[in-house]
Each structure stands twice: as structure tokens, then as C-alpha cells.
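Chain by chain, the residues:
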Number of protein chains: 2
Amino acid sequence: MAEPGAAMESEIHEVPQAIGVAARAAEDVGLRQPSGVVLFARGSSDHAALYGRYVIEALAGIPVMLGAPSLATVYRAPTDLRGWLAIGVSQSGETREIAECLSWASERGATPAAITNAPHSQLAREVDVAIDLGCGVERAVVATKSFVAECAALASIAYGWGSRDPDWEQVVEIGKRAVETPPDQALVQAILEAEFTTVLGRGFGFPLALEIALKIMEACGRWATGMSWADLVHGPIAALPPQSTCLMLNESGALSASAHRLLVRLAEAGIHPYVLGMPAAEQVDEPLRPLLDSLPAQLAVLAASRRLGLDPDSPVGLTKVTQS
Amino acid sequence: MAEPGAAMESEIHEVPQAIGVAARAAEDVGLRQPSGVVLFARGSSDHAALYGRYVIEALAGIPVMLGAPSLATVYRAPTDLRGWLAIGVSQSGETREIAECLSWASERGATPAAITNAPHSQLAREVDVAIDLGCGVERAVVATKSFVAECAALASIAYGWGSRDPDWEQVVEIGKRAVETPPDQALVQAILEAEFTTVLGRGFGFPLALEIALKIMEACGRWATGMSWADLVHGPIAALPPQSTCLMLNESGALSASAHRLLVRLAEAGIHPYVLGMPAAEQVDEPLRPLLDSLPAQLAVLAASRRLGLDPDSPVGLTKVTQS
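Think of each chain on its own: its residues are numbered from 1, step by step along the sequence as written. Chain letters and ligand numbers both follow the written order, the letters beginning at A and the numbers at 1. Since the coordinates come from a predicted model, pLDDT governs what is reported: local features require at least 70, and pairs of side-chain atoms require 80 or more to be given and counted, while whole-chain, interface and lining totals use all residues. The basis for every side-chain value is the complete set of heavy atoms in the structure, and neither hydrogens nor water enter the calculation.

Things to note about the overall build of chain A
And then number 1: Helix and strand content of chain A: 13 helices and 9 strands.
And then number 2: Scaling as 2.2 N^0.38, a compact globule of 324 residues should have a C-alpha radius of gyration of about 20 Å, and chain A matches this with 19 Å.
And then number 3: Seen along its three principal axes, the alpha-carbon backbone of chain A occupies a region of about 50 × 50 × 40 Å.
And then number 4: Each residue is assigned to one of three classes by its accessible area relative to the maximum for its type, calculated with a 1.4 Å probe on protein chains only: buried under 20%, partly exposed between the two thresholds, exposed over 50%. Taken over 324 residues, chain A has a buried fraction of 65%.
And then number 5: Two residues qualify as a contact provided that any one of their heavy atoms is within 4.5 Å of a heavy atom in the partner residue. Sequence separation of at least 24 residues holds for 80% of the intrachain contacts in chain A that already meet a minimum separation of 6.
And then number 6: Here the open area of atoms and residues is found with the Shrake-Rupley method and a 1.4 Å probe, where only the protein chains shown may cover a residue. For chain A, the accessible area works out to roughly 11,200 Å², and carbon and sulfur atoms hold 49% of it.
And then number 7: Positive charges come from Lys and Arg alone, negative charges from Asp and Glu alone, with His and the N- and C-terminal ends not counted. Note that the charge is assigned to NZ on lysines, CZ on arginines, CG on aspartates and CD on glutamates. With 23 positive and 37 negative side-chain charges, chain A shows a spacing of 4 Å between the two charge centroids. Helical segments are the DSSP runs of H or I of at least four residues, strand segments are the runs of E of at least two, and each set is numbered from the N terminus. Only the C-alpha atoms count toward the radius of gyration. The rule for a globule is 2.2 Å times the residue count to the power 0.38.

A word on the relation of the copies chain A and chain B
And then number 1: For this overlay, a least-squares fit was computed on C-alpha atoms, restricted to residues scoring pLDDT of at least 70 in both copies. When chain A is fitted to chain B, the best match, at an RMSD of 0.0 Å, comes from turning it 180° and sliding it 0.0 Å along the axis. In the structure described here, the two chain copies are related by an operation that fits a two-fold rotation axis. No C-alpha of chain A approaches the rotation axis more nearly than that of Met65 of chain A, which lies at 2.5 Å.
And then number 2: Most of the interface of chain A is mirrored in chain B, where 100% of its interface residues again form contacts.

Comments concerning the sheet that holds strand 5 (residues 129-132) of chain B
Residue and element names in this part refer to chain B.
And then number 1: Strand order in the open sheet formed by 5 strands is 2-1-3-4-5, and the pairing between neighbours is parallel. Of all the strands in the sheet, the pair left with one neighbour each is strand 2 (64-66) and strand 5. Each neighbouring strand pair of the sheet contributes to a mean axis angle of 20°, computed without reference to strand direction.
And then number 2: For strand 3 (residues 84-90) and strand 4 (residues 111-116), the ladder comprises 6 bridges, and the chain directions are parallel. In the sheet register, Gly88 faces strand 4, and the bridge partner there is Ala114. When DSSP locates at least two bridges between a pair of strands, those strands are taken to pair. What counts as an axis is a line fitted to C-alpha atoms, over the stretch in contact for a helix, and the angles between N-to-C directions run from 0 to 180 degrees.

Section: the packing of aromatic side chains
One pair of aromatic rings is described through two measures. These are the centre distance and the angle between the planes.
And then number 1: Aromatic rings from Phe, Tyr and Trp, taking only the six-membered ring of Trp, are treated as a pair when their centres fall within 6.5 Å; an angle between ring planes under 30 degrees marks them as stacked, one over 60 as edge-to-face, and anything in between as tilted. Within this structure, the stated rule accounts for 10 aromatic pairs over all chains.
And then number 2: Counting as a charge over the ring demands two things of the Lys NZ or Arg CZ atom: a distance within 6 Å of the ring centre and an angle within 35 degrees of the ring normal. A cation over an aromatic ring shows up here: Arg53 of chain A above the ring of Tyr54 of chain A, its NZ or CZ 6.0 Å from the ring centre.

So, the sheet that holds strand 4 (residues 111-116) of chain A
All names here are of chain A.
And then number 1: The strand order across the open sheet built from 5 strands is 2-1-3-4-5, with neighbouring strands paired in parallel fashion. The open sheet has two free edges, formed respectively by strand 2 (64-66) and strand 5 (129-132), since each of these has just one partner strand. With strand direction ignored, the average angle separating the axes of adjacent strands in the sheet is 20°.
And then number 2: In the packing of helix 5 (residues 96-107) onto the sheet, contacts are made with strand 1 (36-40), strand 3 (84-90) and strand 4, and the angle to strand 3 comes to roughly 175°.

Considering the interface of chain A and chain B
And then number 1: Listed per partner, the contact involves 65 residues of chain A and 65 residues of chain B.
And then number 2: Buried area counts how much accessible surface, traced with a 1.4 Å probe, disappears from two parts once they are put together, with both parts' losses summed. When the two sides are added together, the surface that chain A and chain B hide from each other amounts to roughly 5,100 Å², 63% of it contributed by carbon and sulfur.
And then number 3: It is Tyr75, Trp223 and His234 of chain A that lose the most area in chain A upon contact with chain B, and together they represent 16% of the buried surface on that side.
And then number 4: The partner of Glu97 of chain A in a salt bridge is Arg202 of chain B, and the shortest N-O contact between them spans 3.3 Å.
And then number 5: Polar contact criterion, stated in full: a pair of N or O atoms within 3.5 Å, where within protein one must be able to donate a hydrogen and the other to accept it, and residues adjacent in sequence count only if both atoms are side-chain atoms. Linking chain A with chain B are 19 residue pairs in polar contact (both at pLDDT 80 or more), by the criterion used here.
And then number 6: The element best represented in the side of chain A that touches chain B is helix 3 (residues 43-60) of chain A, accounting for 5 residues. Any Lys or Arg side-chain nitrogen found within 4 Å of a carboxyl oxygen on Asp or Glu counts as a salt bridge.

Some remarks on helix 2 (residues 15-29) of chain A
Residues and elements named next belong to chain A.
And then number 1: Its 15 residues give helix 2 an end-to-end C-alpha distance of 21 Å, which sits within 8% of 21 Å, the value for a rise of 1.5 Å per residue.
And then number 2: For helix 2, every residue scored as buried is listed here: Val15, Pro16, Ala18, Ile19, Gly20, Ala22, Ala23, Ala25 and Ala26.
And then number 3: Here the buried face of helix 2 lies against helix 1 (6-13), strand 5, helix 7 (145-161), helix 8 (168-179) and helix 13 (289-307). Expected span of a helix, by definition, is 1.5 Å for each gap between consecutive residues, and there is one gap fewer than residues.

Quick word on the confidence of the model for chain A
And then number 1: Each residue gets a pLDDT score, which is the predictor's confidence in that residue and runs from 0 to 100. On average, residues of chain A score 93 in pLDDT, and 98% of them are at 70 or above.
And then number 2: Overall fold confidence (pTM) sits at 0.96, and the ipTM for the predicted complex is 0.95.

Digging into the packing of helix 2 (residues 15-29) of chain B against helix 7 (residues 145-161) of chain B
Any two packed helices are characterised by how steeply their axes cross, that is the angle between the axes, and by the distance between the axes.
All names here are of chain B.
And then number 1: Where helix 2 meets helix 7, the axes come as close as 8 Å, and the angle between the chain directions of the two elements is 35°. For the pair helix 2 and helix 7, the sense of crossing is right-handed. Only Lys145, Val148, Ala149, Ala152, Ala153, Ser156 and Ile157 of helix 7 make contact with helix 2, whose side of the interface consists of Val15, Ala18, Ile19, Ala22, Ala23, Ala26 and Glu27.
And then number 2: Classification used: nonpolar for Ala, Val, Leu, Ile, Met, Phe, Trp, Tyr, Cys and Pro, charged for Asp, Glu, Lys and Arg, polar for all others including Gly. Grouping the amino acids of the contact of helix 2 with helix 7 by side-chain chemistry returns 11 nonpolar, 1 polar and 2 charged. Crossing handedness: left-handed means the near helix sits turned counterclockwise from the far one by under a right angle, and right-handed means the same turn made clockwise.

Let's talk about a negative patch on the surface
All names here are of chain A.
And then number 1: On the surface, Glu27, Asp28, Asp165, Asp167 and Glu169 cluster together into a negatively charged patch.
And then number 2: With respect to the helices and strands, the residue Asp28 is situated in helix 2.
And then number 3: Look at Asp28 and you get exposed, because its relative accessible area is 63%. Every patch collects residues that have over 30% relative accessible area and no salt bridge, joining them within 9 Å if they carry like charges and within 5 Å if they are nonpolar side chains (Val, Leu, Ile, Met, Phe, Trp, Tyr).

Concerning helix 9 (residues 185-193) of chain B
All names here are of chain B.
And then number 1: Within the span of helix 9, buried status applies to Leu187, Val188, Ala190, Ile191 and Leu192.
And then number 2: The inward-facing, buried residues of helix 9 abut helix 10 (206-220), strand 8 (245-249), strand 9 (274-276) and helix 13 (289-307).
And then number 3: Two to three positions downstream of the cap, the backbone nitrogen of Ala186 sits 2.9 Å from a side-chain oxygen, assigning the N-cap of helix 9 to Asp184.

Remarks on the environment of Leu133 of chain A
Residue and element names in this part refer to chain A.
And then number 1: Tracing the chain through its elements places Leu133 in the loop between strand 5 and helix 7.
And then number 2: For the pair Leu133 and Ala22, spaced 111 residues apart in sequence, the C-alpha to C-alpha distance is 4.8 Å.
And then number 3: The contact partners of Leu133, leaving out residues within four places of it in the chain, are Val21, Ala22, Ile115, Thr116, Asn117, Ser146, Ala149, Glu150 and Ala153.

Remarks on unusual backbone geometry
Residues and elements named next belong to chain A.
And then number 1: Non-glycine residue Arg76 carries a positive phi angle of around 45°.
And then number 2: Its place among the elements puts Arg76 in the loop between helix 4 (69-73) and strand 3.
And then number 3: Overall, the relative accessible area of 43% leaves Arg76 in the partly exposed class.
And then number 4: We note that Ser163 has phi near 55°; this positive angle belongs to a residue other than glycine.
And then number 5: Within the secondary structure, Ser163 is located in the loop between helix 7 and helix 8.

Details of the pattern of salt bridges
Pairing is possible between side chains of opposite charge, provided their charged atoms come close.
And then number 1: On inspection of all chains with the given rule, the structure shows 28 salt bridges over all chains.
And then number 2: A salt bridge links Arg53 of chain B to Glu57 of chain B, with the shortest nitrogen-to-oxygen separation between them at 2.4 Å. Here Glu57 of chain B and Arg53 of chain B lie together in helix 3 (residues 43-60), a separation of 4 residues that amounts to about one turn. With respect to burial, Arg53 of chain B and Glu57 of chain B carry one shared label: buried.
And then number 3: Salt bridges here are not isolated pairs; linked through shared partners, they connect Arg42 and Glu97 of chain A together with Arg202 and Asp231 of chain B.

What follows is the structure, given as C-alpha cells:
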């Protein structure tokens, strides 16, 4: 029998290459710039979609909505999406709900597109434009490489529309060094000791905060909540117990003033957050930093899962394709 | 000294009237239908904005984005918002960040509007169109009537654009009976017994799930997470401990099949959710049910807060106007 988490471990090691492949695949498709973008996804892919929402709007200046699946599948909203591009993001391409959302968007006038890791899937076959992540089969139920590859594809689309050309080679090279770095034992310990964990981020790092929290829940079976730290101070901070673990992604110089004010408030509440983020990631263009910062977090979650005697390749109660 | 929660209690009792007043105020402004809507808010007002996102798209068929404040204030995204309406939602109208977001949206071509409970506030003064909720001073830090009034104003805009005319009088009348109904002691007990609470909703009820979770954190100092139940099954369900409390808003017949499947899965995991929602709310048009279902939840949170010896009118560490 394979070591628990063997698939997850090898898939994290494949992330740097997957970034380069997915970015090129998205570029090669040459999507035309629409007047608006609506993104549909669930789970980890939904966090990639949220990252896409930030990076497309920031770089290309196009309005981007995260689609609400119930508006499409339950309420059949009469949304006028003429001129819009609807993108379904799904590793497997087999989540029925996402295919239904794309079909609704198409009826409402949008051009349907898909980002999947499965070019022969239902979703990829039914849309006008399909981007194949091409990152190889993902076996671990706890997704790692497909999440980062989806982010890379969406960033590549955004940079293309924004007529900017980031240094993908540099991102891949820094990523390769990151996956050879042993997991941070203090971070692993912080995850293990917590009754529950909050993961805080803002801006381009906010979707990664949600994603790390989801990984902790899936791989470690412990409750975690990802949150914008700007939202934390609007209420939830009153309920944060001193014995909870707080992880903070602070990838951006632009956010440092508000991050600093939050650190002071947390310290007053007896909470000393563990700051995530690789110094080497600061060498790349700011929107791309979350792709790299995902790596030490994924490695730490894998190590924590193993220390708990769990198997993130097949956690109890979860399957690779979720049908709700 | 006033009884703890005296302000919150009287403000919950003012909700039904506030619904009628806010709906009329929004109607009277006669906002022109835009090609898209972007909403900016924080905290409880952000949950009202999310409700607005569902109700406007469902009834009026207009694309609606929840604005990401960092895209406006930190990254200064070059978003093309010509023809769009940008609505800031803020009880006090004094959250600087929201005023900055509206100012950015206006520079990007949108018509700036505001929904506030303070017609002389910075936000209300700086926009082209201001809707005054007119629901009277809100003194409790834990907002109740302003949240529901904001939802009513947004619903009123959506119904107007959708050329539909709901029976607001019926909503107000059912609300008046709801606030005279004593809090459900089993619900209060469920909140008190939980280490942490998840509040599940979908569709029009999803924003209310987030709002109830926030009320529990603010008023009871206990961690709570609001979530779409469709998202729960995409991972977090693996981390839900049997001893946590799970509250479920199921207001819609259209959602009942997926809700039923979830109830079965939760039962298998040893969790028996407490189902929220007033039977009387089923008499009103579906999009308006969350306005009524908020009432028993607010009354239960108030009762739980008092049982914990806390004062939701001024919880430790929170203020009425948050500057991040």
C-alpha cells in the first residue's frame, strides 16, 4: 500500500511545471476580450475562480462576477449576458451543476468556456472554448496542482487581455525551489495545536486564504475559516478565542498598513498570528505571488495530515467529484 | 443602567415597520435601470448587499457584482463601469473605505448611489442618488433593523426594475406577529451548547445564513460560520465535528431536494441540524422570505447573548462604525 498522502506529495511537486503548462494552454486559446466575465465553480476551483475575479478585473479592467449557481439552476434568472464570457472552472469537468450553469449562461447570451483538466469531460465537450490544463491526472482527493494550474490559466488570460507579459519562467523556477524546501515545522505545529484555524488574506491573497482553510478541513479534518482580514475586524474578531490559530497571508506591500493595524489588534486580544508567505515570491509580479505562496502552505497541510495519521489522498467522507 | 440588549430588543421590534419604510423610500427614488450593478459594503451591510445581488439578478435580470474593496482602494483596477450603477450600502454612511470605493467607481464611469440610515453622512452627501432607510437611530452595535431595512430597500429596487409589485403590507403584518413570538428556547439552547456553529442556507437564504453567523459571533462571542450547504459538501463537511451545532435555513421549495440529501448526509455524520424558518414566511413571495426569517433568529441570538451575561448593545471590542 502506498504511503498516506503519496499522491498529494507528488502532485505538489508537479505544481511548478503545471503552472507553466496551464499558462501556455490558456494563452494559446487566444480568448477574445468580452464586455464582462462570469465564473462558475465549486470547492477549490471556486477559490481559483475568485482569484480569477481579482486578477482579470485588476489587469484587464473587465467587470467580473462570481456566478451564483442557484440563480442559474434553481431560479433561472433572466440575466442579460450578451457580450459576456461565462467560464466554468472544474478539475474533472464532471460536476453536473457547473455544466448546468454554463448551459444557462449560454441561453442568456454568454459565450460558454471551460477550464478543466479533462478535455473529454462533459463540460469541455459542451462549451464553445475549452482550455485544457494539461497537468496530468490528479489522484489525491485533496486538490493541489489543479488549483494552482487553474489560477495560472486565469492569470494568463488576464495578462493577455491586459497586454502584459509576466515572466512565467521565473515563477516556475522559484516554484521548483519551493517544493524542495521541507515543510515549516512551526506552521505544521500551529495547525495541529489549533481547535480551529482562521486563515486571513486580502486582495490577490484572499482566495488563497479560503483555499488553505479548505485544505486544512479536507486533509486534517479540523475546522478552519478563510477570511479577508478587513472583514475580520467588522465583527468576527469579537469571537476569536486566544487559543485558536491564526494564519496570515501578507503578500503585498500595498496592504501592509492595514495588516500592521490588524497585527496590533490581534496582539491585544492575545493572538499572535503565524505569517505565511515566501520571501522569494516577492520577486515576481504581485498578482502571481499567491501561486507560489500556495506551495509552502500545501506542504505544511500534507505534513500535518500525516502527523494526525490521516490520508489526504482519500479523506473519509469525500470523493474527487462532488455532486450536490 | 439599561438592561443588557435593551436597544437590540427594541430595534428588533422596529424591524417590521422599518421594512415598509425602507421599501417605500427606495421606490420613491425611482432609480433608472442600469446595464450592471456593483455593490460595496462591509459586515452586516455586506450580507444585505449579497442579498441584493441575488434579488436584483433574479428579478431584474441585470448582472450584479459584489465589489471587491481592494480592487478599488488598493489596486485601483481600470474597470470599465460605464452604464453601471455603483451602490454603497452602509448603516452609518461613515465607513471611509466604502466612500472611497464609490469614488473609484464614479471615476470608472458608474453612477454612484448609496443606501444609508444617515442622510447627512459623508457617503450620502457624496453620491448622485441617496436612499435614506429612515428606520431611526440604531444604537445596538449588533445591527438588526438596519440589516433588514437594507435588504428591503434592495428588494424594492429589484421588484421595481422587474416590474413586479410585492405585497409589502403582508410582509409587515407577518413581521409584526413574528416579533411578538417568544424566542425558540431549543434554538437558544443549541446556540449556547455549541463550541462553534455553522449556519447553512442557499439561494435567497444564503446571505441570511452569513448574517446569523455574524450575529452569533458579535452578540455571543462564539465562533460561527455561515455557508452555502452546496459548498459544505465540497469539502468542509469532512471537518464538521458531531458536537458542533448546525442551523439550517430552508426557505424554498425549489431547494428541497438538495436540502433533503444534505440532511441525510449530516445524519450519517451524527449531526442533526436545527431547521430555521417561520412557516408564516411561506405566505410571502419567495425572495422576501429571508426578511421575515431573520426575526426569530435575531430574537434567539439576543436571548442567547443575555443568557451568557453579555450585552449585545455594546460587545467588548466592537464599535458601531468600523474603520479598517
